[in-house]
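Architecture at a glance
Here is how the chains run, residue by residue.
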Amino acid sequence: DTAVSQTPKYLVTQMGNDKSIKCEQNLGHDTMYWYKQDSKKFLKIMFSYNNKELIINETVPNRFSPKSPDKAHLNLHINSLELGDSAVYFCASSPGTSGGAQETQYFGPGTRLLVL
Amino acid sequence: QKEVEQDPGPLSVPEGAIVSLNCTYSNSAFQYFMWYRQYSRKGPELLMYTYSSGNKEDGRFTAQVDKSSKYISLFIRDSQPSDSATYLCAMKGTSYGKLTFGQGTILTVHP
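Parameters and conventions
- Residues numbered from 1 in each chain as written.
- Chains lettered and ligands numbered in written order.
- Predicted model: local features only at pLDDT ≥ 70, side-chain atom pairs only at ≥ 80, totals over all residues.
- Heavy atoms only, no water.
- 1 Å grid on protein atoms, 1.4 Å probe; cavity = no way out; pocket = protein on both sides within 12 Å on 5 of 7 lines; lining within 4 Å.
- Points joined across faces, edges and corners; volume = space filled by probe spheres on them.
- Helix = DSSP H or I, 4+ residues; strand = E, 2+ residues; numbered from the N terminus.
- Nonpolar A, V, L, I, M, F, W, Y, C, P; charged D, E, K, R; others polar.
- Contact = heavy atoms within 4.5 Å.
- Buried area = accessible area lost by both parts, 1.4 Å probe.
- Salt bridge = Lys/Arg side-chain N within 4 Å of Asp/Glu carboxyl O.
- Polar contact = N/O pair within 3.5 Å; in protein donor to acceptor, adjacent residues only side chain to side chain.

1. Quick look at empty space enclosed by the protein
Residues and elements named next belong to chain B. Tallied over the entire structure, the rule returns one cavity of 30 Å³ or more. By volume, the largest cavity is sized at about 40 Å³. Taken together, Phe33, Met34, Trp35, Met48, Tyr49, Thr50, Ala63, Gln64, Val65, Ile72 and Ser73 form the lining of the largest cavity. Elements supplying a minimum of two residues to the lining of the largest cavity: strand E4 (32-38), strand E5 (45-51), strand E7 (61-66) and strand E8 (71-76). Considered class by class, the residues forming the lining of the largest cavity number eight nonpolar, three polar and no charged.

Pasting the structure below:
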């Protein structure tokens, strides 16, 4: 059973389009995250939700909007896609945020987005 | 200057070698230190987790943290071709779940 799953795995689209990436975790975790990994492998946090509430919102363009319908799901919607949005987007989850073993983040397989 | 600096390599070693991977950081608030391994076209997976300074050993892997020097290391003994991957250091202070990652070091262990 996949712990953290993302769909789609690959996404090729034109500039200006709107697209969504879905993430689901079956670990019973309270906290979920979205990361962006650029071509140089830098992994940078974008958003974090704890029990459906936004707790981290890094400096990300307003075109990116996360939505958490329940604590097992965290989706990412991107409006008006730009060339610079091309990257690998990783979803992750952790049991909580209070420290110790609660900190372990489990990553999904990634969604490779290419904007043409 | 980035908060976490990590030499991207690539690093190529023969099978059986001892590998040393390092990161330096500038934020003295960091207290939790992690090493993640990322295979090609996969998500990162946690290898080692250390709180504050000291050493931690797990099988062939040893993580060291020197907070006074703001320097962390990961040692891999008896390296295997299956260790070939990108190794990312990550750290955080007390803020909720916000991990700051290094750029990652690409390691290749050749038979």
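Having put the structure on the table, let's press on.
2. Here we look at the interface of chain A and chain B
Taken together, the contacts link 23 residues of chain A with 20 residues of chain B. When the two sides are added together, the surface that chain A and chain B hide from each other amounts to roughly 1900 Å², 58% of it contributed by carbon and sulfur. If you sort the residues of chain A by the area they bury against chain B, A:Lys41, A:Phe42 and A:Glu103 come out on top, with a joint share of 28%. The interface formed by chain A and chain B includes one salt bridge. Its salt-bridge partner being B:Lys98, residue A:Glu58 comes within 3.3 Å of it at the nearest N-O pair. Inspection of the chain A/chain B interface yields four residue pairs in polar contact (both at pLDDT 80 or more).

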